[in-house]
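Chains, contacts and geometry: an overview
Here is how the chains run, residue by residue.
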Amino acid sequence: MYILVINAGSSSLKYQLVDKDTRELVDKGLCERVGSDDSFHKHGLDSNECVVASRLPDHRAAVQAVLDSLLDPRTGSISSLDEIVAVGHRVVHGGEHFSASVVIDDEVIARVEECIPLAPLHNPPSLAGIAACSELLPGATQVAVFDTAFHTTMPPKAYVYPLPYEYFEKHRIRRYGFHGTSHRYIAARASALLEKPLDELKLITCHLGNGCSITAIDKGISVDTSLGFTPLEGLMMGTRCGSIDPAIVLYLIETLGMTPREVNDVMNRQSGLLGISGLSNDLRDVRAAAEAGHERALLAYEMYSYSAKKYIGQYVFTMAGVDAIILTAGVGENCDRMRRMIFEGLEPLGIIIDQDKNALRGFERVISAENSRVKVIVIPTNEELMIVEDTLALLS
Ligand code: ADP
């Protein structure tokens, strides 16, 4: 029996099929450019991955293509859809309603719909994925796992913005935080690695990829996080600017004559590493250019590390200390140079990186030196596994 994990984006649908008992990954894939004429479907584990052009006008067609490929007698991995007992859906925005994963029913769907104005690019595809799976897999339990759920434990002083209070009360304008499933996973893994229960630990978890967020976790609960009302606040990211003086937005509109839509596009798609370097949002390209002497690439690189350093510093202070700092996602897991720059010069604070360990790649590991008071750990994230665990917990 299997659990299907679905992560539906605005024009994509990623999936994994996991054995319910062994947690083994038995199949995976990705539908890309859903809704376009040139959509395609990549499926199969790395050893026998194949890519097929496939007409995918919407998410229902994508789910149908996924199920067909899972059932394919030559390349698939199941012989009947009845073998899929449950589907775990990643849902980006659960607003204030959901502090944990839930079995999906009409009320849950209505609540996720209510959150569409807060996540217009993310919640509609999730709802489309849920509708398609409910229709095509009527016997399977559907579960929603929210990116926001882990952060519902934050205290009001961390989530209310210093605007007139009625904006919070009437319009629910507040910090929600995202990447919660990733932060929850790496915190749990860190606790296991350190052989210390979560409720005895102060952790700072850093999800550094194209999207970036840092979370302060005190005794296992999220007490503050860098992403806010939307996934734009906080750290400098691949194409997103993160926190800037909000008056810049008014200046762009009123003085430079830009439309709100243009400003939104600039802040979300043309800023960050891409905007500063003028080259790429991919840190590998920025790093190569910086090493070849490209000044703006070097500045982008320095700004990204400085931005992470500032948030880590804030949370060390607000939690009055930290036991371990954990790094994950594309940059956090893979880029030794970025990790070195983030922690450079912090030896007086008891944070000492062992550069030989820092150079190693590809598995969970402590990269701080033996004499470092604060442990620094790299943990590859696994949001899908968390979704499977939550789904199984709700099934039983
Ligand atoms: P997303 O937020 O889209 O899930 P990822 O977590 O996959 O992003 O991270 C993607 C980013 O990770 C890429 O843009 C790239 O900059 C970075 N990255 C991946 N591998 C490396 C590497 N070996 N060195 C530096 N950066 C890397």
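Here's what I pulled together on the structure shown here. (Residues numbered from 1 in each chain as written. Predicted model: local features only at pLDDT ≥ 70, side-chain atom pairs only at ≥ 80, totals over all residues. Heavy atoms only, no water.)

Quick word on the packing of helix α2 (residues 106–114) against helix α3 (residues 123–136)
Running from N to C, α2 and α3 point in directions that differ by 160 degrees, and their axes come no closer than 9 Å. One way to sum up the angle between α2 and α3 is to call them roughly antiparallel. Crossing geometry of α2 relative to α3 is assigned as left-handed. Here α2 contributes Ile109, Val112 and Glu113 to the contact with α3, which in turn contributes Asn123, Leu127 and Ile130. Taken together, the residues that form the contact of α2 with α3 break down as four nonpolar, one polar and one charged. (Axes fitted to C-alpha atoms, helices over the stretch in contact; angles between N-to-C directions. Helix = DSSP H or I, 4+ residues; strand = E, 2+ residues; numbered from the N terminus. Parallel < 35°, antiparallel > 145°, perpendicular 65-115°, else oblique. Left-handed = near helix turned anticlockwise from the far one by under 90°. Contact = heavy atoms within 4.5 Å. Nonpolar A, V, L, I, M, F, W, Y, C, P; charged D, E, K, R; others polar.)

Some details on the site of the ligand
Looking at the ligand, there are 13 residues lining it, with Asn210, Gly211, Asp282, Leu283 and Gly330 nearest. In the environment of the ligand, an oxygen atom lies 3.2 Å from a nitrogen or oxygen atom belonging to the side chain of Asp282. At a separation of 2.5 Å, an oxygen atom of the ligand approaches a polar backbone atom of Leu283. About the coverage of the ligand: the protein hides 70% of its 580 Å² of free accessible area. Judged by the proximity of its atoms to the pocket grid, the ligand belongs to the second largest pocket. Contributing elements (two or more residues each) for the shell around the ligand: α10 (283–291) and α12 (329–334). Counting residues per element, the shell around the ligand draws most heavily on α12, which supplies four residues. Of the residues that constitute the shell around the ligand, the class distribution is four nonpolar, six polar and three charged. (Near = heavy atom within 4 Å. Polar contact = N/O pair within 3.5 Å; in protein donor to acceptor, adjacent residues only side chain to side chain. Areas by Shrake-Rupley, 256 points an atom, 1.4 Å probe, with all protein chains shown as cover. 1 Å grid on protein atoms, 1.4 Å probe; cavity = no way out; pocket = protein on both sides within 12 Å on 5 of 7 lines; lining within 4 Å. Sits in = over half its atoms within 2 Å of the grid points.)

Here we look at the pairing of strand β12 (residues 324–328)
On a regular strand, each side chain points to the face opposite its neighbour's, so the side chains alternate between the two faces of the sheet. Of all five residues that make up β12, five are buried, and the element is covered over most of its length. Residues Ala324, Ile326 and Thr328 of β12 are buried on one face, and the alternating residues Ile325 and Leu327, pointing to the opposite face, are buried as well. In the sheet, strand β9 (residues 202–208) pairs with β12 via five bridges, with the strands oriented parallel. Pairing of His207 across the sheet is with Thr328, part of β12. Where β12 meets strand β14 (residues 375–378), four bridges bridge the pair, whose relative direction is parallel. Paired with Ile325 across the bridge in β14 is Val376. (Buried < 20%, exposed > 50% of the residue type's maximum accessible area, 1.4 Å probe, protein only. Pairing = 2+ DSSP bridges.)

Remarks on the side chain of His89
With respect to the element layout, His89 can be found in strand β6 (residues 84–91). Of the polar contacts made by the side chain of His89, one reaches the side chain of Gln142; its length is 2.7 Å. Contacts of His89, omitting those with residues within four sequence positions, involve Ile6, Ile104, Gly129, Ile130, Cys133, Gln142, Val143, Ala144, Val145 and Ile387.

Focus on the sheet that holds strand β3 (residues 25–32)
Pairing between the strands of a sheet comes from backbone hydrogen bonds, and it takes one of two forms, parallel or antiparallel. Taken in spatial order, the eight strands line up as β5-β4-β3-β2-β1-β6-β8-β7 in an open sheet, and their pairing is mixed. Unpaired on one side and paired on the other, β5 (50–53) and β7 (102–103) mark the two borders of the sheet. Of the pairings in the sheet, the one linking strand β1 (residues 2–8) to β6 comprises five bridges and is parallel in character. Residue pairing across strands places Tyr2 opposite Ile84, the latter belonging to β6. Of the strands in this sheet, β1, β6 and β8 (141–146) are in contact with α3, which crosses β6 at around 170 degrees. In the packing of helix α15 (residues 383–395) onto the sheet, contacts are made with β1, β2 (13–19), β6, β7 and β8, and the angle to β6 comes to roughly 125 degrees.

A word on the sheet that holds β12
Spatial ordering of the open sheet is given by β11-β10-β9-β12-β14-β13, a layout of six strands whose pairing is mixed. If you trace the sheet from one side to the other, it starts and ends with β11 (221–225) and β13 (365–366), each paired once. Sheet contacts for helix α11 (residues 295–318): β9, β10 (212–218), β11 and β12; angle to β10, the most-contacted strand, approximately 15 degrees.

Examining the side chain of Thr391
Secondary-structure assignment places Thr391 in helix α15. Exposure remark for Thr391: the relative accessible area of 0% places this residue in the buried category. Ignoring sequence-local partners within four residues, the contact set of Thr391 consists of Ile3, Ala86, Val87, Gly88 and Val143.

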